Amino acid sequence: MLEIKLGTKLALCALSAFIIAAVVFFIVHKAGTLWIDHKFSDPAFVEQQQDLEIQNLQEYITNSQASALDYHVVSNWVKERQLTTLFLYYGDRLIYDSTITYHAGNLASGRLTSPLPWQKTYPLQFSDVEVTAVVSTLARHRFVDQLNIIGLTVFFLTFLLIMLYYVRRKVVYIHQLAQEIKNIEGGNLNFPITIKGEDELASLAQDVDKMRHALLKQIIRFQKVRKDRDQFAVHMSHDLRTPVTSLIGYLDIVNQKRCPSKVVQEQYLHKAEEKALQLKSLSENMFTHFLTSMDESKAEDIFCDSAAINLLIDDGLILLESHLFQCLASKYEGEAAFFAIGKTSLERILDNIFSNLLKYADPAFAIEISCHRGEQGLAISFGNPIRTEETGAVASAGIGLNSAGEIARQNGGSLHIHKQDGVFQCTLFIPEIP
């Protein structure tokens, strides 16, 4: 797998985010510029902007209660508006020009002049007199400045959102890996590790998944070794029984002095010695076998095989039949297989199910039990009519079956329960180890 370092991917993501944000900025700026050009090509819109400036100025003068000679009040307003040029006329005299700086002592009565014919004039009411105002606003520049601010805001938001999206994906993936590693830590090796991408995190996930597979193989190998050891012990006990029986017989004849002659007695003693030596050889072989497999046999018996499942079902059948229940059972038949559930867990599940059958099944009808092996695992089905009030029905809290279902889910399996028309159906599924 070609591995791309996480730092390189982050740099590429930042570059891509910058390019995308720049494109978005260009689109927003271009669209805004076209809109401004369209609006300011309309004289009515330009005139509307001038009307708004005069209205704003009139409100400012009214709130300030300024007179026509309070040039500093008007100058403050012009300074705040920045891009506005203002001329004030009283009669045929220019009494204020925003292009001139006014200060204390510079309160001239104004020069003789009047607005140009094409300039639109506005009445402006001061606290003492009414004057004529001519305003020239460069509102277009104000709109362009606002467009630039909007464009830059969109640029940075786009860049940040893309980067946050990428970082969030990695953080979510890290949390997912952490949870899956906790599952392995808890002994659940049935679920694979998710591998995404081609960076250091993906490489780490792949290594953890390889470790999971190695642990599974090692556990299965340990179980096979332990099973071989048990079989060896069974065979060895049988092999030991035969020479022990013969040895006891020879010694008993000699001890009871039932030998017809001294020669026969010596033959029996010789035979007894041979059997003792055979026992010594067998015991040494057994000791060597257990010594070499001792470390391997220390592994916990985690997974059940098909033989162990059949034995657990037999235990349940004996329990039911001892209480006079009729059972129609078809156990697992086929080649040996290992299933991803511990023997202790499966024993607890089946104990709960058989206990439920013992309490609530109608003894007048047979209990049907069947095993079916599919592509992904083994399904064990139970079916029986439920006791009625006449046959001594008992109220069920469902705690046992809920507990069994929870144990099955914790081991990657499931427990489906269905009750209809007085018939109880229960199917336990346990996954097979590939």
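No experiment lies behind these values; they were computed from the predicted model shown.

*Asks:* Honestly, the overall build of the protein in this entry has me stumped. Any pointers?
*Replies:* Counting its regular elements, the protein contains nine helices and twelve strands. Counted over contacts in the protein with a minimum sequence separation of 6, partners at least 24 positions apart contribute 69%.

*Asks:* How should I be thinking about the packing of helix α2 (residues 43-64) against helix α3 (residues 71-81) in this particular structure?
*Replies:* Each pair of packed helices gets described by two things: the angle between the helix axes and the distance between those axes. One can describe the packing of α2 onto α3 by two numbers: an axis separation of 11 Å at closest approach and a directional angle of 140°. Classified by the angle their axes make, α2 and α3 are oblique. Relative to α3, the crossing made by α2 is right-handed. Seen from α2, the contacting residues are Glu-53, Asn-56, Leu-57, Tyr-60 and Ser-64; seen from α3, they are Val-73, Asn-76, Trp-77, Glu-80 and Arg-81. Residues of the contact of α2 with α3, tallied by class, amount to four nonpolar, three polar and three charged.

*Asks:* Help me out: how do you make sense of the UniProt feature "transmembrane region" (unreviewed entry) in the protein in this one?
*Replies:* The UniProt entry lists residues 6-28 and 147-167 under the feature "transmembrane region" (unreviewed entry), expressed in the numbering used here. Across residues 6-28 one finds 100% helix and 0% strand; the C-alpha atoms that close the span lie 32 Å apart. Across residues 147-167, the secondary structure splits into 100% helix and 0% strand, with the terminal C-alpha atoms separated by 30 Å.

*Asks:* What is the right way to read the packing of aromatic side chains from this model?
*Replies:* The description of two aromatic rings rests on the distance between their centres and on the angle between their planes. Per the counting criterion, the structure on display carries nine aromatic pairs. Aromatic pair Tyr-332 and Phe-339: ring centres 6.3 Å apart, planes at 85°, arrangement edge-to-face.

*Asks:* How should I be thinking about the nonpolar core in this particular structure?
*Replies:* Grouped burial of nonpolar side chains is what soluble globular proteins tend to show. Ranked by internal contacts, the top residues of the largest apolar core, which has 35 residues, are Ile-309, Phe-382 and Leu-428. Elements that contribute at least two residues to this core include exactly α7 (306-322), α8 (343-360), β9 (367-373), β10 (377-385), α9 (399-410) and β12 (423-431). Setting aside anything within four residues of it in sequence, one finds Leu-428 in contact with Leu-346, Ile-349, Leu-350, Leu-378, Ala-379, Ile-380, Ala-408, Ser-414 and Leu-415. Counting residues in hydrophobic clusters, the runner-up holds 20 residues, among them Tyr-71, Leu-88, Ile-95 and Val-131.

Definitions and cut-offs
- Residues numbered from 1 in each chain as written.
- Predicted model: local features only at pLDDT ≥ 70, side-chain atom pairs only at ≥ 80, totals over all residues.
- Heavy atoms only, no water.
- Helix = DSSP H or I, 4+ residues; strand = E, 2+ residues; numbered from the N terminus.
- Contact = heavy atoms within 4.5 Å.
- Axes fitted to C-alpha atoms, helices over the stretch in contact; angles between N-to-C directions.
- Parallel < 35°, antiparallel > 145°, perpendicular 65-115°, else oblique.
- Left-handed = near helix turned anticlockwise from the far one by under 90°.
- Nonpolar A, V, L, I, M, F, W, Y, C, P; charged D, E, K, R; others polar.
- UniProt positions renumbered as here; feature names shortened; annotations may be inferred.
- Phe/Tyr/Trp six-rings, centres within 6.5 Å; stacked < 30°, edge-to-face > 60°.
- Core = buried A, V, L, I, M, F, W, Y, C linked by side-chain atoms within 4.5 Å.
- Buried < 20%, exposed > 50% of the residue type's maximum accessible area, 1.4 Å probe, protein only.

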